[in-house]
Amino acid sequence: MPVIARSTTPLRLAVMVAALCLLFACSRQPTPMATEPAANGAAATTQVSIPNVSSGAGPAGSQGQGPAPQPGLSPTQGQSGVPAPGPAVPAGAVQPVDIVTADGVTLAGTFYAPAKPNSPALIMLHMLDRQRGDWDTLARTVQAAGYGVLTIDLRGHGASGGDREWLKMVDDTADAYAWLANRPEIDPAHIGVVGASVGANLALNFAAREPAVKTVILLSAGLNFRGLAAEPAMKAYGARPVMLAASAQDRAAAAVMDRLQKLAQGRQSVLLLQNQGHGTNMLGRENGLEEAILKWLQETL
């Protein structure tokens with residue numbers, strides 16, 4: 001028995017040493033494999049999360065702003081999607097701009113920069129089958145009086161993309177308003193909207209849902225144009241100031257002006273012209289309309 005014990009002791013020791021070596025080797029091998037996934041995971045977090053918070057490369061609606069054009073939102077709808085303002089435009093400059101709507105349509109516009117920073121401003125909306133150039137003379141007159149101006153081609157018109165989806169144009173106006181409100185040249189608390197014909201209906205419908213609009217000017221508004229109804233919008237517009245203008249021979253527009261005047265709840269100015277046409281066709285005729293518009297802006301914007 002003692003001989004057997006002596007002969008088996010080295011064997012047991014060898015087995016134990018081998019087992020310990022194996023355990024030691026196994027405990028050492030997984031270490032680099034365990035740290036590699038952790039490193040990859042940390043890199044993925046850096047690439048996905050950090051840009052959304054700090055670099056502004058995240059999707060629209062994140063706190064940062066990426067370099068690509070972002071759709072505008074009305075300030076009353078929250079600031080997360082409002083585009084970051086671009087560099088200031090030289091005082092008195094006139095330059096073309098592109099505004100990307102919430103549904104990805106590019107609207108062509110022209111920005112008339114005011115002479116001073118933090119100035120009041122006006123958005124101008126044109127008639128059916130026309131384009132923003134119809135406003136150029138009035139826009140330059142208003143600009144010279146110290147205001148900023150943004151004119152746009154409605155979707156499906158002029159150089160703008162998209163189809164003529166009239167109700168979506170209210171959202172487009174909100175995007176244009178947000179773009180203008182975020183300009184460093186403009187005082188966002190003093191923005192008004194002027195429209196002609198269907199542009200007047202559009203201006204009133206947008207202003208009715210955007211309480212920050214200070215004043216509206218409606219040239220030859222219609223009663224209801226493809227869902228852009230004037231009377232409900234005037235009621236919703238509340239007690240803010242409104243200027244109405246139409247030509248007496250444009251009987252439909254004159255009748256609508258009379259109905260809207262009766263619904264107006266705040267300060268109002270009503271101008272009935274004689275033989276002066278429709279919408280922006282009333283401009284540039286030495287009939288006092290431009291002077292009345294400037295006076296109205298000085299008093300209400």
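A quick note: this is a predicted structure, and the numbers were derived from the prediction, not measured.

**Quick notes on the overall build of the chain**
In terms of regular secondary structure, the chain is built from 8 helices and 10 strands. Counting only residues that meet the buried cut, the chain has 44% of its 301 residues in that class. A sequence separation of at least 24 residues applies to 67% of the contacts in the chain between residues at least 6 apart. Carbon together with sulfur atoms contributes 59% to the accessible area of the chain, which is approximately 14700 Å² in total.

**Examining the pattern of salt bridges**
According to the stated counting rule, one finds 15 salt bridges in the structure shown. In this structure, aspartate 103 and arginine 155 form a salt bridge, with 2.9 Å as the shortest nitrogen-oxygen distance. Pair noted here: aspartate 103 is in the loop between β1 (94-100) and β2 (106-112) and arginine 155 is in the loop between β4 (148-152) and α4 (168-181), with a separation of 52 residues, a long-range link. Relative accessible area serves as the criterion here: at 41%, aspartate 103 is assigned to the partly exposed category. Judged by relative accessible area, which is 1%, arginine 155 ranks as buried. When the shortest N-O distance is used, the salt bridge between lysine 168 and glutamate 165 registers 3.3 Å. Among the residues examined, glutamate 165 registers a relative accessible area of 32% and is labelled partly exposed. Ionic contacts of the salt-bridge type, sharing partners, join the residues Asp103, Arg155, Glu165, Lys168 and Asp172 into one network.

**Looking at the side chain of histidine 126**
Examined against the element boundaries, histidine 126 turns out to sit in the loop between β3 (119-125) and α3 (136-144). Of the polar contacts made by the side chain of histidine 126, one reaches the backbone oxygen of arginine 130; its length is 3.4 Å. Setting aside residues up to four positions removed in sequence, histidine 126 forms contacts with Gln131, Arg132, Trp135, Ile152, Asp153, Leu154, His157, Ala196, Val198 and Gly199.

**Brief notes about the sheet that holds strand β9 (residues 242-247)**
With mixed pairing, the 8 strands of this open sheet are ordered in space as β1-β2-β4-β3-β5-β6-β9-β10. Each having just a single partner strand, β1 and β10 (268-273) make up the two edges of the open sheet. Neighbouring strand axes in the sheet, compared pairwise and without regard to direction, differ in orientation by 20° on average. The sheet contacts of helix α7 (residues 251-263) involve β6 (216-219), β9 and β10, and relative to β9 the element is tilted by about 155°.

**Considering the environment of valine 149**
Assignment of secondary structure puts valine 149 in strand β4. For valine 149, a relative accessible area of 0% translates into the label buried. For the pair valine 149 and methionine 124, spaced 25 residues apart in sequence, the C-alpha separation works out to 7.5 Å.

**Comments concerning empty space enclosed by the protein**
Counting across every chain of the model gives 1 cavity of 30 Å³ or more. In this structure, the largest cavity occupies an estimated 30 Å³ of space. Lining the largest cavity are Leu218, Ser220, Ala221, Leu244, Ala245, Ala246, Ala253 and Met257. For the lining of the largest cavity, the element with the highest residue contribution is β9, accounting for 3 residues.

**A few points about the confidence of the model for the chain**
On average, the chain scores 80 in pLDDT, and the residues at 70 or more come to 72%. Residue range residues 1-82 is modelled with pLDDT below 50. Its contacts to residues more than four positions away, or to other chains, number 55 contacts.

**Things to note about the packing of aromatic side chains**
Working definition: an aromatic ring pair is given by the centre-to-centre distance plus the angle between the planes. The full count for this structure, using the stated rule, is 3 aromatic pairs. An angle of 80° between the planes, with centres 5.4 Å apart, marks the rings of phenylalanine 111 and tryptophan 179 as edge-to-face. Here the residue phenylalanine 111 occupies a position in strand β2, and tryptophan 179 occupies one in helix α4, the gap between them amounting to 68 residues. For the pair shown, phenylalanine 111 and tryptophan 179 are each scored as buried. An angle of 55° between the planes, with centres 5.4 Å apart, marks the rings of tyrosine 177 and phenylalanine 206 as tilted. One end of the pair, tyrosine 177, is in helix α4; the other, phenylalanine 206, is in helix α5 (residues 198-209), and 29 residues separate them in sequence. For the pair shown, tyrosine 177 and phenylalanine 206 are each scored as buried.

**Details of the nonpolar core**
Grouped together as the largest cluster of nonpolar side chains are 50 residues, with contacts concentrated most on Leu180 and Leu218. In this view, leucine 180 contacts Phe111, Ala121, Leu122, Ile123, Leu150, Ile186 and Ile191; residues no more than four positions away in its chain are not counted. If you look at the next biggest cluster of nonpolar residues, it comprises 25 residues, including Tyr112, Ala139, Tyr147 and Leu289.

**Some words on the environment of histidine 190**
With respect to the secondary-structure elements, histidine 190 resides in strand β5 (residues 186-196). Taking the relative accessible area as the measure of exposure, histidine 190 reaches 26% and is therefore partly exposed. The sequence separation of histidine 190 and lysine 214 amounts to 24 residues, and the corresponding C-alpha distance is 6.0 Å. Aside from chain neighbours lying at most four places away, what touches histidine 190 is Pro120, Ala121, Lys214 and Leu301.

Basis of the calculations
- Starting from 1, residues in each chain are numbered consecutively following that chain's sequence as written.
- It should be noted that, the model being predicted, local features are given only for residues of pLDDT at least 70 and side-chain atom pairs only at 80 or more, the latter also being counted only at that level, while totals for whole chains, interfaces and linings use all residues.
- To get the side-chain values, all heavy atoms of the structure are used, and hydrogens and water are removed first.
- Helical segments are the DSSP runs of H or I of at least four residues, strand segments are the runs of E of at least two, and each set is numbered from the N terminus.
- Each residue is placed in one exposure class: buried if its accessible area under a 1.4 Å probe, protein chains only, is under 20% of its type's maximum, exposed if it is over 50%, and partly exposed if it falls in between.
- Should any heavy atoms of two residues lie within 4.5 Å, those residues are counted as being in contact.
- Using the Shrake-Rupley algorithm and a 1.4 Å probe, accessible areas are obtained, with residue cover drawn only from the displayed protein chains.
- A pairing counts as a salt bridge when a side-chain nitrogen of Lys or Arg comes within 4 Å of a carboxyl oxygen of Asp or Glu.
- In the analysis that follows, any N or O atom pair within 3.5 Å is treated as a polar contact, provided that within protein one partner can donate a hydrogen and the other can accept it, and provided that, for residues neighboring in sequence, both atoms belong to side chains.
- At least two DSSP bridges between two strands are required for those strands to pair.
- Axes, fitted as lines to C-alpha atoms, cover a helix only where it is in contact. Angles between the N-to-C directions of the axes lie from 0 to 180 degrees.
- A pocket, in this scheme, is an open set of points on a 1 Å grid over the protein atoms alone with protein on both sides within 12 Å along at least 5 of 7 lines, while a cavity is a set where a 1.4 Å probe fits but cannot get out; residues line either one if an atom lies within 4 Å of a point.
- Grid points are joined across faces, edges and corners, and a volume is the space filled by probe spheres set on the points.
- As a per-residue measure, pLDDT reflects the predictor's confidence and takes values from 0 up to 100.
- Stacked, edge-to-face and tilted labels apply to pairs of Phe, Tyr and Trp rings (six-membered ring for Trp) whose centres lie within 6.5 Å, assigned for plane angles under 30 degrees, over 60, and everything in between, in that order.
- Nonpolar cores are built from buried Ala, Val, Leu, Ile, Met, Phe, Trp, Tyr and Cys residues. Side-chain atoms within 4.5 Å join them into one set.

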